[in-house]
Amino acid sequence: MQWASLLLLAGLCSLSQAQYDEDSQWWFQYLRSQQSTYYDPYDPYPYEPSDPYPYGVEEGPAYAYGSPSPPEPRDCPQECDCPPNFPTAMYCDNRNLKYLPFVPSRMKYVYFQNNQISSIQEGVFDNATGLLWIALHGNQITSDKVGRRVFSKLRHLERLYLDHNNLTRMPGPLPRSLRELHLDHNQISRVPNNALEGLENLTALYLQHNEIQEVGSSMRGLRSLILLDLSYNHLRRVPDGLPSALEQLYLEHNNVFTVPDSYFRGSPKLLYVRLSHNSLTNNGLSTNTFNSSSLLELDLSYNQLQKIPPVNTNLENLYLQGNRINEFSISSFCTVVDVMNFSKLQVLRLDGNEIKRSAMPVDAPLCLRLASLIEI
């Protein structure tokens, strides 16, 4: 009986041990399966879920995104975010960075804005020559710390944002593929004639809020340029020749005192010209200066004009407030006044001058029959 009890006890112990071993193996397998979801530094896409990634990024110039995932060491710098659902974009903005991190070769859009970056070292983009956009605005970059040929190898680059920095010179050489160049809010003092050489695809150039005193003929070769902003500088002269494709020209808040005769005729597509807050006088203008049939809007406010300069009958908006104009000359709008000849002007502002409403000639309503607003 004792032997039977001992054999029964031994059998139970053996069964219990076997069950324990089986449970143990299951537990180890469970742990191993759980470890497969942990971050693996050697896996290039360790967090690629089946559901859409929780980043709110759309293809294009989107800056907003959700909470960052753990960085992928070999595929994305630790300082940045590289959303899997937008694999060609790298977001390194607003992180107090003082240097430019490594850029993976697959990147096309990189955002480094609003940091403390002071230099763009030579070769920093050599690994990612397919870049389309580079955003470096809102940093502390100085001209003497920009690599001489740092952008020259980027043959697909379309948009370059270097505004709101401490640049004192034009960067270059720049790739021919460039379409938009943002250099506003810097300390650039001049634009050499060869600074924009070869940029035949450039459509928009932003140079406002600098210290530019001279532009010369640097704009002539920009045959695709549509928008040129040189406002808030120290220009005394307008650029020597404008691109033929130009549609928008912004020169307000400078020291320009003269515009050559027929200056705008070389730009037959020009629609908008702003020359407010300059030093223009009637002596610095000829009778054909603003006689451009393509112009729709002309802003000459806050200058030193004493007479209304002649404009084309196709002009729709004319701003002359804040001058010294003391007479209303209808010939400035209509050379001939009759039923068939009239101005297309819709808005005319003459407030803040030395002229009174009673000075309007009797034939003004016939010439300016389309005007919806005349401020005197």
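Computed from a prediction, not measured in an experiment: that's the story for all the values here.

Conventions we followed
- Residues numbered from 1 in each chain as written.
- Predicted model: local features only at pLDDT ≥ 70, side-chain atom pairs only at ≥ 80, totals over all residues.
- Heavy atoms only, no water.
- Helix = DSSP H or I, 4+ residues; strand = E, 2+ residues; numbered from the N terminus.
- Buried < 20%, exposed > 50% of the residue type's maximum accessible area, 1.4 Å probe, protein only.
- Contact = heavy atoms within 4.5 Å.
- Areas by Shrake-Rupley, 256 points an atom, 1.4 Å probe, with all protein chains shown as cover.
- UniProt positions renumbered as here; feature names shortened; annotations may be inferred.
- Core = buried A, V, L, I, M, F, W, Y, C linked by side-chain atoms within 4.5 Å.
- Salt bridge = Lys/Arg side-chain N within 4 Å of Asp/Glu carboxyl O.
- pLDDT = per-residue confidence, 0-100.
- Phe/Tyr/Trp six-rings, centres within 6.5 Å; stacked < 30°, edge-to-face > 60°.

Trainee: An account of the overall build of the protein is requested, with residue identities and associated values reported.
Mentor: What the protein contains, in helices and strands, is two helices and 13 strands. Counting the 376 residues in the protein, one finds 44% classified as buried. Residue pairs at least 24 apart in sequence account for 44% of intrachain contacts in the protein once pairs closer than 6 positions are excluded. For the protein, the accessible surface area stands at approximately 19700 Å², while carbon and sulfur atoms represent 49% of it.

Trainee: An account of the UniProt feature "domain: LRRNT" (unreviewed entry) in the protein is requested, with residue identities and associated values reported.
Mentor: Residues given the UniProt feature "domain: LRRNT" (unreviewed entry) here are residues 75–109. This span, residues 75–109, is 0% helix and 11% strand, and a straight line between its end C-alpha atoms measures 15 Å.

Trainee: Quick rundown of the nonpolar core? Include the residues and the values.
Mentor: With 85 residues, the main nonpolar core has Ile120, Phe125, Phe151 and Phe333 as its most contacted residues. Once residues within four sequence positions are removed from consideration, Phe125 is found in contact with Leu100, Val103, Phe112, Ile120, Leu131, Ile134, Val150, Phe151 and Leu154. If you look at the next biggest cluster of nonpolar residues, it comprises nine residues, including Ala89, Tyr111, Ala135 and Tyr161.

Trainee: Explain the environment of Leu160 to me, and be specific about the residues and the numbers.
Mentor: Take Leu160: it is sitting in strand β4 (residues 159–161). Separated by 23 residues in sequence, Leu160 and Leu183 have C-alpha atoms that sit 8.6 Å apart. Sequence-distant contacts of Leu160, that is, excluding residues within four places in its chain, are made with Ile134, Phe151, Leu174, Leu178, Glu180, Leu181 and His182.

Trainee: Lay out unusual backbone geometry in plain terms, naming residues and giving numbers.
Mentor: In this structure, the amide linkage connecting Gly172 to the following residue, Pro173, adopts the cis form with an omega of 5 degrees. Among the structural elements, Pro173 can be located in the loop between β4 and β5 (180–182). In the Ramachandran plot, Asn114 falls in the positive-phi region, its phi being about 60 degrees despite a non-glycine side chain. Tracing the sequence through the fold places Asn114 in the loop between β2 (109–111) and β3 (133–135). Overall, the relative accessible area of 38% leaves Asn114 in the partly exposed class. We note that His185 has phi near 55 degrees; this positive angle belongs to a residue other than glycine. Assignment of secondary structure puts His185 in the loop between β5 and β6 (204–206).

Trainee: Give me the lowdown on the pattern of salt bridges, citing residues and values where you can.
Mentor: This structure, assessed with the given rule, holds eight salt bridges. The closest approach of N and O atoms between Asp75 and Arg106, which form a salt bridge, is 2.7 Å. Of this pair, Asp75 sits in the loop between α1 (2–35) and β1 (89–91) while Arg106 sits in the loop between β1 and β2; the two residues are 31 residues apart in sequence, bridging distant segments of the chain. We classify Asp75 as buried; its relative accessible area is 16%.

Trainee: Please give an account of the confidence of the model for the protein that cites residues and values.
Mentor: Summing up the model confidence of the protein, the mean pLDDT is 84 and the portion of residues at 70 or higher is 80%. Within the model, pLDDT remains below 50 along residues 1–73, and this stretch shows 62 contacts once partners closer than five positions in the same chain are excluded.

Trainee: An account of the packing of aromatic side chains is needed here, citing residue identities and associated values.
Mentor: Within this structure, the stated rule accounts for seven aromatic pairs. Their ring planes at 40 degrees and their centres at 5.6 Å tell us that Phe86 and Tyr109 sit as a pair that is tilted. Taken together, the residues span a long stretch of sequence, with Phe86 in the loop between α1 and β1 and Tyr109 in strand β2 at a distance of 23 residues. There is no split in this pair, since Phe86 and Tyr109 are both buried. Ring geometry for Phe125 versus Phe151: centroids 6.2 Å apart, planes at 25 degrees, classification stacked.

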